[in-house]
Amino acid sequence: MHLFRRGMRDGISIALGYLSVSFSFGILSVQSGLTVWQAVLISLTNLTSAGQVAGVGLIAAHASMLELFLAEVVINIRYALMSLVLSQKADSSFRLPHRFLASFGITDEIFAVASIQKEPVKPLYMYGLTFVPFCGWALGTWLGAAAGTILPVQATNALGIALYGMFLAIILPPARKSRAIFAVISIAAVISILWHYFAKWMSGGFAMILAALAASVIGAILFPVPDTDETAKEAQT
Amino acid sequence: MSRIFIAIAVMALTTYIIRMVPFAFVRKKIKNRFIQSVLYYIPYAVLSAMTIPSIFYATQDLPSAIAGTVVAVVLAYFGCPLIVVALSASAAAYLAMLLLPLILQ
């Protein structure tokens, strides 16, 4: 239970960020002709931002199921890579049923927090880490869909930066201590900016994972890790 | 009506299977040093690419986003807990939204 609580605590900042993102998703869904409960159902079953936004757009445009399927594959294929990274990080107590259940919660943010843990990740921690953001995601969708237009915009907009603040709090301390990590996050940021301004046709999720992959490959060439566990400990202490 | 529910099911299943298959079925530890290194750096690179430049658009208003970013960078640099950094960035952005228009008038 201790692990579940620790996971929930680490999930709070993610949930706050999700609240504002899913809030706009709720507004968008209702504007696209879905009911409040259909919007909430999408958030409960999908738990992803870009894929849901694209899906609602396609539903509203009366696209075929094949188009919908292909769009989801292209937008969400990055999760396969994150899922692979987490498979290497999973504790031996992660039996198959746990893997089936916990993999539902692999979002960009939950992945990032789970994969940067010092020790192998255990199922209970993963469930706690997923549970709070999951609730925030569903609640935000409901609020946005049901009452999006009557709540103060500035407050929800301000919450939108919470998530990114948390990301900086995750990467800056290890980047201070490790030249390699500093280099990798700088390269990723530069490539991400280049994509953003010079390759606008790329979807956000796709651009993000291409930037991250390129930076990680460059990092792996310039600074190969001698022993993953040793380096991880060094960066965290 | 039912078309929407089929569409939701297609979205949900596609997304789930992509997430589930590698996590459930890659059980061996990867030994290759290069791949190990790439996998080690990916979380940091993902977080960085997710944050930049998106953080500057996160509040729908550049000055407040810059205020939030500066506060987040300073607090994160000094190793404050995640939730403190996250909430302080939001608070700074909110204050900037309320106060900057008054100051610049």
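Conventions used here
- Residues numbered from 1 in each chain as written.
- Chains lettered and ligands numbered in written order.
- Predicted model: local features only at pLDDT ≥ 70, side-chain atom pairs only at ≥ 80, totals over all residues.
- Heavy atoms only, no water.
- Helix = DSSP H or I, 4+ residues; strand = E, 2+ residues; numbered from the N terminus.
- Rg over C-alpha atoms; globule rule 2.2 N^0.38 Å.
- Contact = heavy atoms within 4.5 Å.
- Areas by Shrake-Rupley, 256 points an atom, 1.4 Å probe, with all protein chains shown as cover.
- Lys, Arg positive; Asp, Glu negative; His and termini not counted.
- Charge placed at Lys NZ, Arg CZ, Asp CG, Glu CD.
- Buried < 20%, exposed > 50% of the residue type's maximum accessible area, 1.4 Å probe, protein only.
- Salt bridge = Lys/Arg side-chain N within 4 Å of Asp/Glu carboxyl O.
- Polar contact = N/O pair within 3.5 Å; in protein donor to acceptor, adjacent residues only side chain to side chain.
- Domains from an automatic or database assignment.
- Buried area = accessible area lost by both parts, 1.4 Å probe.
- Expected span 1.5 Å × (residues − 1).
- Bend = angle between axes of the 7 residues up to and from the residue.
- Core = buried A, V, L, I, M, F, W, Y, C linked by side-chain atoms within 4.5 Å.

Undergrad: Even after reading the chapter, I still don't get the overall build of chain A, so can you show me in this structure?
TA: A count of helices and strands for chain A gives 13 helices and zero strands. Beginning at the N terminus, the succession of helices and strands in chain A can be written as α-α-α-α-α-α-α-α-α-α-α-α-α. At 18 Å, chain A has a C-alpha radius of gyration in line with the 18 Å of a compact globule built from 237 residues. Reported as C-alpha extents along the three principal axes, the dimensions of chain A are approximately 55 × 45 × 40 Å. Intrachain contacts of chain A at a sequence separation of at least 6 include 78% that bridge at least 24 residues. Put simply, chain A shows about 10,100 Å² of open surface, and 71% of that area lies on carbon and sulfur atoms. Charge-centre separation for chain A: the mean point of 14 positive side chains lies 6 Å from the mean point of 11 negative side chains.

Undergrad: How do you make sense of the overall build of chain B when you look at a structure like this?
TA: When its secondary structure is counted, chain B shows four helices and zero strands. Reading the secondary structure of chain B in the N-to-C direction produces α-α-α-α. Taken over C-alpha atoms, the radius of gyration comes to 21 Å for chain B, far larger than the 13 Å a tight globule of 105 residues would show. Taken along the three principal axes of its C-alpha coordinates, chain B extends 60 × 50 × 20 Å. With 105 residues in all, chain B has 45% of them scored as buried. Nonlocal contacts in chain B, meaning residues at least 24 apart in sequence, comprise 37% of its contacts between residues at least 6 apart.

Undergrad: What am I meant to see in the interface of chain B and chain A here?
TA: Quoted interface sizes are often the accessible area lost when the parts come together. In this complex, chain B contributes 71 residues to the contact, which on the side of chain A involves 103 residues. In this structure, the connection of chain B to chain A is made through zero salt bridges. Taken together, the links from chain B to chain A amount to 26 residue pairs in polar contact (both at pLDDT 80 or more). Sorting the residues of the side of chain B that touches chain A by element identifies α1 (2-25), α2 (33-51), α3 (62-77) and α4 (82-103) of chain B as the ones contributing at least two each. Sorting elements by how many residues they give to the side of chain B that touches chain A places α1(B) first, with 19 residues.

Undergrad: Would you mind going over the domain arrangement of chain A with me for this structure?
TA: Residue and element names in this part refer to chain A. Examined at the domain level, chain A breaks down into domain 1 (2-171) and domain 2 (178-237). Taking only C-alpha atoms, the centre of domain 1 and the centre of domain 2 are 22 Å apart. Roughly 780 Å² is buried in total at the junction of domain 1 and domain 2, and carbon and sulfur atoms are behind 78% of that figure. Of all residues in domain 1, the largest losses of buried area upon contact with domain 2 belong to Arg78, Lys118 and Ile171, amounting jointly to 48% of the total for that side. Our count for the domain 1 to domain 2 interface comes out at zero salt bridges. Broken down by element, the residue count for the side of domain 1 that touches domain 2 peaks at three residues, all from helix α5 (residues 78-89).

Undergrad: How do you make sense of helix α10 (residues 162-177) of chain A when you look at a structure like this?
TA: At 3.6 residues per turn, the α-helix brings residues three or four places apart onto the same side. All names here are of chain A. The terminal C-alpha atoms of α10, which comprises 16 residues, lie 24 Å apart, in line with the 22 Å expected from a rise of 1.5 Å per residue. At Ile171, α10 shows its maximal kink, close to 25°; a proline, Pro173, follows between one and four residues later. Most of α10 is tucked away, with 14 of its 16 residues classed as buried.

Undergrad: Can you walk me through the environment of Gly55(A) in this structure?
TA: Inspection of the secondary structure puts Gly55(A) in helix α3 (residues 49-60). Residue Gly55(A) is classed as buried on the basis of its relative accessible area of 0%. Along the primary structure Gly55(A) and Phe69(A) are separated by 14 residues, whereas in three dimensions their C-alpha atoms are 9.0 Å apart. Setting aside residues up to four positions removed in sequence, Gly55(A) forms contacts with Leu68(A), Glu72(A) and Met11(B).

Undergrad: Got a minute to help me understand the nonpolar core in this structure?
TA: A general trend in soluble globular proteins is that nonpolar side chains are found buried together. One finds Ile14(A), Met82(A), Phe111(A), Met126(A), Met166(A), Val46(B) and Leu47(B) to be the most contacted residues of the largest nonpolar core, which totals 72 residues. Residues from two domains meet in this core; each of domain 1 (2-171) and domain 2 (178-237) of chain A gives at least three. For Phe111(A), the residues in contact, after removing those within four places along its chain, are Met82(A), Val85(A), Leu86(A), Ile106(A), Ile42(B), Pro43(B) and Val46(B). Ranked by size, the runner-up nonpolar core spans 14 residues in total, among them Phe25(A), Val56(A), Ala7(B) and Ile8(B).

Undergrad: Just to check I follow, could you spell out the side chain of Ser216(A) for this structure?
TA: Secondary-structure assignment places Ser216(A) in helix α12 (residues 204-222). A distance of 2.7 Å separates a polar atom in the side chain of Ser216(A) from the backbone oxygen of Ala212(A). If we skip the residues at most four places from it in the chain, Ser216(A) touches Val38(B), Tyr41(B), Ile42(B) and Ala45(B).

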